[in-house]
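So the chains spell out like this:
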Amino acid sequence: MNIFYYDIAVGLPLRQCFTYKSKDVITKGKRVIVPFGSKSIVGIVVKKIAKPKSLKGLKEIISIADEHSCFNGSIFETITWASDYYHHPIGEVFFSFMPTLLRKQNDKIIMDPDNNAEYKLNEEDKKLKLTKEQKINLSKLNKVEKFSPSLIYGVTGSGKTEIYLQLAEKFILQNKSILILVPEINLIPQLEKRFKDRFNGDIGVYHSRQTPNQRLKVWLRSKFGGIRIVIGTRSSVLMPLKNLGAIIIDEEHDQSYKQAEGFKFSGRDLAIKRAQIENIPVFLGSATPSLQTLKLVKEKKFKKFDLLRRVDGKKPPKLIPLDISDSPLLGGIAIQTMSIIEAAINKKEQVLIFLNRRGFAPLYECDNCGWVAKCSSCESNLVFHKSKKRLICHKCESVYGVNKTCPDCQSNEINTLGAGTERVEEVLRSTFKKVPIIRMDYDSTRLKGSIEAIYKKANKSKEAILVGTQMLSKGHDFPKVTLCVILNADGGLLSPEINAIEKISQQLIQVSGRAGRNNNLAKVIIQTRYPNDENLKQIKTGDYRLVSEQCLKTNKSLNMPPYSTVAILRATSPSPESCFKFLDKANNLLNDKKNVSVIGPLPSIPLKIKGNTRNHLIIKSNTRTYLNRVLKYLTNEIQTWPETKKVKWTYDIDPYDMS
Ligand code: ADP
Ligand code: ZN
Ligand code: ZN
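Remember, it's a predicted structure, so these values are computed and weren't measured experimentally.

**As for the overall build of the chain**
Link 1 in the chain: Within the chain one finds 17 helices and 32 strands.
Link 2 in the chain: A compact globule built from 659 residues would reach a C-alpha radius of gyration of about 26 Å, and the chain, at 26 Å, matches this within 12%.
Link 3 in the chain: Seen through its C-alpha atoms, the chain measures out along the principal axes to roughly 85 × 70 × 50 Å.
Link 4 in the chain: The proportion of buried residues among the 659 residues of the chain is 54%.

**Focus on the side chain of R221**
Link 1 in the chain: Mapped onto the elements of the fold, R221 is located in helix α6 (residues 212–223).
Link 2 in the chain: Relative accessible area serves as the criterion here: at 17%, R221 is assigned to the buried category.
Link 3 in the chain: Discounting residues that sit within four places of it in the chain, R221 has contacts with P113, D114, D202, G226 and I227.

**Topic: the site of ligand 1**
Link 1 in the chain: Not every one of the 16 residues close to ligand 1 is listed here, only the nearest: K129, Q134, G157, K160 and T161.
Link 2 in the chain: Contacts to ligand 1 include G157, whose backbone N or O atom sits 2.7 Å from an oxygen atom.
Link 3 in the chain: Backbone polar atom of S158 to an oxygen atom of ligand 1: 3.3 Å apart, as the coordinates give it.
Link 4 in the chain: Considered on its own, ligand 1 offers 560 Å² of accessible surface; in the complex 75% of this is hidden by protein.
Link 5 in the chain: A class-by-class count of the residues in the shell around ligand 1 yields four nonpolar, seven polar and five charged.

**A closer look at the pattern of salt bridges**
Link 1 in the chain: Inspection of the entire model under this criterion finds 31 salt bridges.
Link 2 in the chain: Note that E397 is salt-bridged to R358, the shortest N-O span being 3.1 Å. One end of the pair, E397, is in the loop between β22 (390–392) and β23 (399–400); the other, R358, is in the loop between β19 (350–354) and β20 (363–366), with 39 residues separating them in the sequence.
Link 3 in the chain: Judged by its relative accessible area of 36%, E397 falls in the partly exposed class.
Link 4 in the chain: R358 sits in the buried class, given a relative accessible area of 14%.
Link 5 in the chain: Each of R358, K388, E397 and D443 takes part in one network of salt bridges that share partners.

**A closer look at the environment of R215**
Link 1 in the chain: Residue position: R215 is located in helix α6.
Link 2 in the chain: A relative accessible area of 12% places R215 in the buried class.
Link 3 in the chain: Residues in contact with R215, not counting those within four places in the same chain, are Y206, H207, S208, Q210 and S235.
Link 4 in the chain: A polar contact is formed between the side chain of R215 and the backbone oxygen of H207, at a distance of 2.6 Å.

**A closer look at the nonpolar core**
Link 1 in the chain: Membership of the largest hydrophobic core comes to 144 residues, with the highest contact counts inside it found for F71, F94, F97, F195, I247, L569 and L634.
Link 2 in the chain: What I247 contacts, discounting residues up to four positions off in sequence, is L179, L181, A271, R274, A275, I280, P281, V282 and F283.
Link 3 in the chain: Among the nonpolar cores identified, the runner-up in size contains 23 residues, and V427, L428, V435 and I525 belong to it.

**Thoughts on the domain arrangement of the chain**
Interface size is commonly expressed as the accessible area that is lost once the parts come together.
Link 1 in the chain: When the domains of the chain are assigned, the result is domain 1 (4–102), domain 2 (120–307), domain 3 (318–361 + 418–554) and domain 4 (565–653).
Link 2 in the chain: Between the C-alpha centres of domain 1 and domain 4 the distance comes to 28 Å.
Link 3 in the chain: Taking both sides of the interface into account, the surface hidden between domain 1 and domain 4 amounts to around 730 Å²; carbon and sulfur atoms contribute 54%.
Link 4 in the chain: Of all residues in domain 1, R15, Y85 and H87 give up the largest surface area on contact with domain 4, accounting jointly for 76% of the area buried on that side.
Link 5 in the chain: One can count one salt bridge joining domain 1 with domain 4.
Link 6 in the chain: Between K632 and D84 there is a salt bridge whose closest N-O contact spans 3.3 Å.
Link 7 in the chain: Here domain 1 and domain 4 share three residue pairs in polar contact (both at pLDDT 80 or more) between them.

**Looking at the packing of helix α3 (residues 132–141) against helix α4 (residues 160–173)**
Link 1 in the chain: Relative orientation of the contacting elements α3 and α4 amounts to 35°, with a least axis distance of 11 Å. Remark: the crossing between α3 and α4 carries right-handed chirality. Residue-level contacts link Q134, L138 and L141 of α3 to E162, I163, Q166 and L167 of α4.
Link 2 in the chain: Among the residues making up the contact of α3 with α4, the classes are represented as four nonpolar, two polar and one charged.

**Structural notes on the packing of helix α13 (residues 500–512) against helix α15 (residues 544–557)**
Link 1 in the chain: For the pair α13 and α15, the least separation of the axes is 10 Å and the interaxial angle reads 170°. In terms of orientation, α13 and α15 fall into the roughly antiparallel class. Contacts between α13 and α15 pair I501, E502, S505, Q506 and I509 from the former with Y544, V547 and C551 from the latter.
Link 2 in the chain: Within the contact of α13 with α15, the residues separate by chemical class into five nonpolar, two polar and one charged.

**Side note on the pairing of β19**
Link 1 in the chain: The element β19 is extensively covered by neighbouring structure, given that five of its five residues are classed as buried.
Link 2 in the chain: Here β19 shows a buried face lined by Q350, L352 and F354 and a second buried face lined by V351 and I353.
Link 3 in the chain: For β19 and strand β26 (residues 464–468), the ladder comprises five bridges, and the chain directions are parallel. Looking at β26, one finds that Q350 is bridged to A464.
Link 4 in the chain: Where β19 lies against strand β27 (residues 481–486), five bridges are found, and the strand directions are parallel. Bridging across to β27, V351 finds its partner in L483.

Criteria and cut-off values
Residues numbered from 1 in each chain as written. Chains lettered and ligands numbered in written order. Predicted model: local features only at pLDDT ≥ 70, side-chain atom pairs only at ≥ 80, totals over all residues. Heavy atoms only, no water. Helix = DSSP H or I, 4+ residues; strand = E, 2+ residues; numbered from the N terminus. Rg over C-alpha atoms; globule rule 2.2 N^0.38 Å. Buried < 20%, exposed > 50% of the residue type's maximum accessible area, 1.4 Å probe, protein only. Contact = heavy atoms within 4.5 Å. Near = heavy atom within 4 Å. Polar contact = N/O pair within 3.5 Å; in protein donor to acceptor, adjacent residues only side chain to side chain. Areas by Shrake-Rupley, 256 points an atom, 1.4 Å probe, with all protein chains shown as cover. Nonpolar A, V, L, I, M, F, W, Y, C, P; charged D, E, K, R; others polar. Salt bridge = Lys/Arg side-chain N within 4 Å of Asp/Glu carboxyl O. Core = buried A, V, L, I, M, F, W, Y, C linked by side-chain atoms within 4.5 Å. Domains from an automatic or database assignment. Buried area = accessible area lost by both parts, 1.4 Å probe. Axes fitted to C-alpha atoms, helices over the stretch in contact; angles between N-to-C directions. Left-handed = near helix turned anticlockwise from the far one by under 90°. Parallel < 35°, antiparallel > 145°, perpendicular 65-115°, else oblique. Pairing = 2+ DSSP bridges.

Spelled out as structure tokens, the structure:
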């Protein structure tokens, strides 16, 4: 009887595969049940291998879970690429892209749930008559048939969504399927509705707020052709759609495409890789593309398609810095700003107020002795949430009661300082008693259907004020807004972070794109104490091309990404000393390597989370290949170190956040 040997990946943070034997021939990518320690767990077949030299202790695969493979050819290949590129344990990468119900042993197996999907164009949904610009670009985009990344660089309101719809139509009519990625769950309903109106047939959505059963269903129906249009967040990037025709990445610049915890991948970059492996078109849309994408356009690796005009023919809104250095603020709003808001409300217009901070106040402190409420495990300041009557740590989400007296001096002169969206909402409510005030932030959109309710309310009302965090700046269409107010741009303008200017300019220009979609007189007011700031001067032109050119130049001269490649080695430990020593050892190891520069160990921000100290090392190189080689070497070394018993470590490749 023949015996075969296989390398199996398991869903644990282990950087190796395990060898098992079996009497069966099993294709790669299949789920199997294997004995592991005293348990049996789910594993993925990575490859068939030659008979190992030693067969001692070699265990046998208990069973093959499904008839069908979990990861077919190109998806399997994308996963192995990702594990290599991000230097992340392969089993965890496989498991990241499996519906949770398939990660465990249960009665859920991979089988064909229904027949093939049929899609027809809904003739009642009038296709918009394209503008000249839309038409020219669409006809060029329609000619893209193989892998060739296309940047749809369209100012806000230039009608990118209609282009996506008509592009999708082409693939659907060819019996192919299409995957549309968005950076945030809240952007799904609006897009889903546009696709539902346009196509008769099921539109699948996939994101982390669905139940495990919902996710499994969409995944299975995609795999077997029951759904051919899926809209999802980064976790859907490897949706096993049958006969995939193209991938659309909306708002490609958005940093939410990067997963911040665990397997830290970029949904955008992985989508591009998948498209390359499958040799299919990938379309990236944005009004404010990432520097990385713009650099690739310069190098002619990406093609650029410009939409410079808004569909309504109106000029983009003016960005006006408003000097507030001598003004008292009420809930973050200066007196002058308040009268501008009032004028808009009196004209029965809608106003959007942007503030990048949720909760009521970012500080809760004692006026008598200066005590400030801090999280006991992270040491970061607690944010006062008035509606919940709680102090909340925004780093670890720990929740604390609100003390009435100071724990240090027993004074009862405890006060809040600064403003978050809740306070702004409260101040506006007391100023404009009859005007609907609509808040849109993490706290107000967590419940299912809340985003739809926000749209409904905004559409129904005449005058209204929308208050929100960066969530409000992304891709939403609020046609009645004529005035945007940005309350705290200074934080972004003055930030020492490497990509601060890229980030703040994208944010300001995106927010301003929410205004005046139907109106000539749109205005964007930027409250600032630094009206003469050089960067602000550029940003206020509203021309992202100027700002991004400048950012590219700066980063080139500093040899920063996208002109170099960066990895961060992060370490955390209950013992501050072990954490530092571990990184110091890594630093010493890389010291004599040419072509890489290492900075650190540095304290991370925040220094502590849940009682663990955090430090990091920045590793930079001019070439990706070299960085990869160095990280491979480092990984192999680290795995032999006894220090790893006390320290948890991970890599962050192409980090957005270097602190
Ligand atoms: P973008 O995503 O580029 O910011 P959208 O796709 O949201 O812009 O389009 C902005 C608005 O213009 C939407 O309300 C959309 O329905 C409308 N629109 C798009 N294309 C056309 C067109 N050709 N004619 C009329 N209205 C259009
Ligand atoms: Zn005190
Ligand atoms: Zn905390």
